[in-house]
Amino acid sequence: MFDDPQSSDEESPVPDADSCDPHQLQSRFKSSVRSRSEVAISLKRTCGLHLSLSSDSRKLAVGSSRKELQLYQLAENGDLLVESADFDKFKSPIRGVRFFNGDPNMVMACAEEGVVSLYDLRLGKSVFGFEDGSEGVRKTMTTFDLNQNDRVLCASTEVQKGGDSFLLFFDIRERKFLGSYWECHSEDITNVRFHPSNPDLLVSGSVDGLINVFDISQPTEDDAMQYCFNVDTAIESLNWHRNPGTGKDWVSCVTTTNGFQLYDVESQDPEVEFDREKITEFICRKSSIDCNVVGAYNEGDGALTLLAGSNYNKGECLRSLRYSDKSFQPFQNFLHNKQIVRASVYSEKVM
């Protein structure tokens, strides 16, 4: 479903391969996964860069590299079916898509030009656009998220002409701009994620290497800042997890160099840190230059799982790892993968 214009095997002179023989690989990755359904999102070369699954796990929204938003229906047998909706082609790159947490008919998409569009799938069209024009021009956006009760939208920005990057907040029900934070990051903000159960907790990450945790119920940005972690490298994506032993919050970070870091939020201590070479070892491959970390997510049983693979030979390898005892253990081997995966979404309801 997702094809990438370039594969790093074109840059690497050393062909990538498994670091063990097939029998050893099967004994390590005891669970094998095969594709249930495939759909080409375009007849032209394109990538699916952003995914969101509806709360009932029946609709999938895809934001593509061709500035198009597409909608798919997930049938009971697992097939992907194209669903019609009036999504105009965006004028600038799509920077994120997101279904509401409580309503499978409401989906939002963020465009780099500075608008987060709200679509009502029952009407099949856009019903509102959230933007901040308080300084006369729209701020270029990088990503966004909705809080747990679908009341607050947070969109992040690149560094603007004045030298600041912003977290922009909107009231979704009242459809109005609430305000912004602009002292928390010094470079482009690359990811924002609300806590899965606490609607007031927000984590942000940036090219400046900082991860900030905010309580947005507080009256000022200074009061809202709760914790700050210095990753020392640019941040690609973030996610919330729960320590299975203590029940306390963890925040994970995938870096732009395909590394992985995990932090205990309350103590602000790093739990683990793995570079690209170590993750290559975990997935039983040889070439670290081809290692591609897709993202971290939570399975239905609460387990922290990392999805990673190799870009070599157009993404022939895709595997998942489970976190346990400060390390990752082999979990699933996705057989016969034919594409470089740039985005993923998990749901325990889809089998």
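Calculation criteria
Residues numbered from 1 in each chain as written. Predicted model: local features only at pLDDT ≥ 70, side-chain atom pairs only at ≥ 80, totals over all residues. Heavy atoms only, no water. Salt bridge = Lys/Arg side-chain N within 4 Å of Asp/Glu carboxyl O. Helix = DSSP H or I, 4+ residues; strand = E, 2+ residues; numbered from the N terminus. Buried < 20%, exposed > 50% of the residue type's maximum accessible area, 1.4 Å probe, protein only. Pairing = 2+ DSSP bridges. UniProt positions renumbered as here; feature names shortened; annotations may be inferred. Axes fitted to C-alpha atoms, helices over the stretch in contact; angles between N-to-C directions. Polar contact = N/O pair within 3.5 Å; in protein donor to acceptor, adjacent residues only side chain to side chain. Contact = heavy atoms within 4.5 Å.

Asks: Is there a simple way to explain the pattern of salt bridges in this structure?
Replies: Tallied over the full model, the rule gives 22 salt bridges. We note a salt bridge from Lys338 to Glu38, for which the minimum N-O separation is 3.4 Å. Linking Lys338 in the segment after strand 25 (327-334) with Glu38 in the loop between strand 1 (31-33) and strand 2 (48-53), this pair joins segments that are 300 residues apart in sequence. Glu38 sits in the partly exposed class, given a relative accessible area of 43%. Linking Glu135 and Lys139 is a salt bridge whose minimum nitrogen-to-oxygen distance equals 3.7 Å.

Asks: Help me understand the pairing of strand 3 (residues 59-64) in this model?
Replies: Both faces of the sheet carry side chains from a regular strand, because those side chains alternate between them. Along strand 3, six of the six residues are buried, which leaves the element largely enclosed by surrounding structure. Once strand 2 ends, the chain turns through five residues before running back antiparallel as strand 3, passing Ser57 with a positive phi of about 60°. Inspection of the sheet shows strand 3 paired to strand 4 (residues 69-74) by five bridges, in the antiparallel sense. Residue Lys59 lies in a different strand from strand 4, and its bridge partner there is Gln73.

Asks: Even after reading the chapter, I still don't get the pairing of strand 10 (residues 141-146), so can you show me in this structure?
Replies: In terms of burial, strand 10 is a largely internal element, six of the six residues being buried. With five bridges connecting them, strand 10 and strand 11 (residues 152-157) associate as antiparallel partners. Bridged to Leu146 within strand 11 is Leu153. Turn length for the strand 10-strand 11 hairpin, with the two strands adjacent in sequence and antiparallel, is five residues, and the turn residue Asp150 shows positive phi of about 60°.

Asks: Help me out: how do you make sense of the UniProt feature "repeat: WD" (unreviewed entry) in the protein chain in this one?
Replies: Look at the UniProt record and you will see "repeat: WD" (unreviewed entry) annotated at residues 182-224. Taken end to end, residues 182-224 is 9% helix and 42% strand, and its two terminal C-alpha atoms sit 12 Å from one another.

Asks: How should I be thinking about unusual backbone geometry in this particular structure?
Replies: For residues other than glycine, phi is negative in most cases, and the peptide bonds are mostly trans. Of note in the backbone geometry, Ser57 takes a positive phi value of approximately 60° without being a glycine. Position of Ser57 among the secondary structure elements: in the loop between strand 2 and strand 3. Of the residues examined, Ser57 reaches a relative accessible area of 3% and is grouped as buried. Positioned with a positive phi, His336 is a non-glycine residue whose angle comes to about 60°.

Asks: Can you walk me through the sheet that holds strand 21 (residues 270-274) in this structure?
Replies: As a general point, the strands of a sheet are linked pairwise by backbone hydrogen bonds and lie either parallel or antiparallel. Across the sheet, which stays open at both edges, the four strands sit in the order 18-19-20-21 with antiparallel pairing between neighbours. For this open sheet the edge positions go to strand 18 (235-242) and strand 21, each flanked by a neighbour on one side alone. With direction set aside, neighbouring strand axes in the sheet form an average angle of 15°. One ladder, built from five bridges, connects strand 19 (residues 249-255) with strand 20 (residues 260-264); its direction is antiparallel. The residue bridging Trp250 from the neighbouring strand is Asp264, located in strand 20.

Asks: What is the right way to read the side chain of Ser92 from this model?
Replies: One can find Ser92 in the loop between strand 5 (80-83) and strand 6 (94-99). The exposure class assigned to Ser92 is buried, which follows from its relative accessible area of 8%. A distance of 2.9 Å separates a polar side-chain atom of Ser92 from the backbone nitrogen of Glu113. Setting aside residues up to four positions removed in sequence, Ser92 forms contacts with Lys67, Ala111, Glu112 and Glu113.

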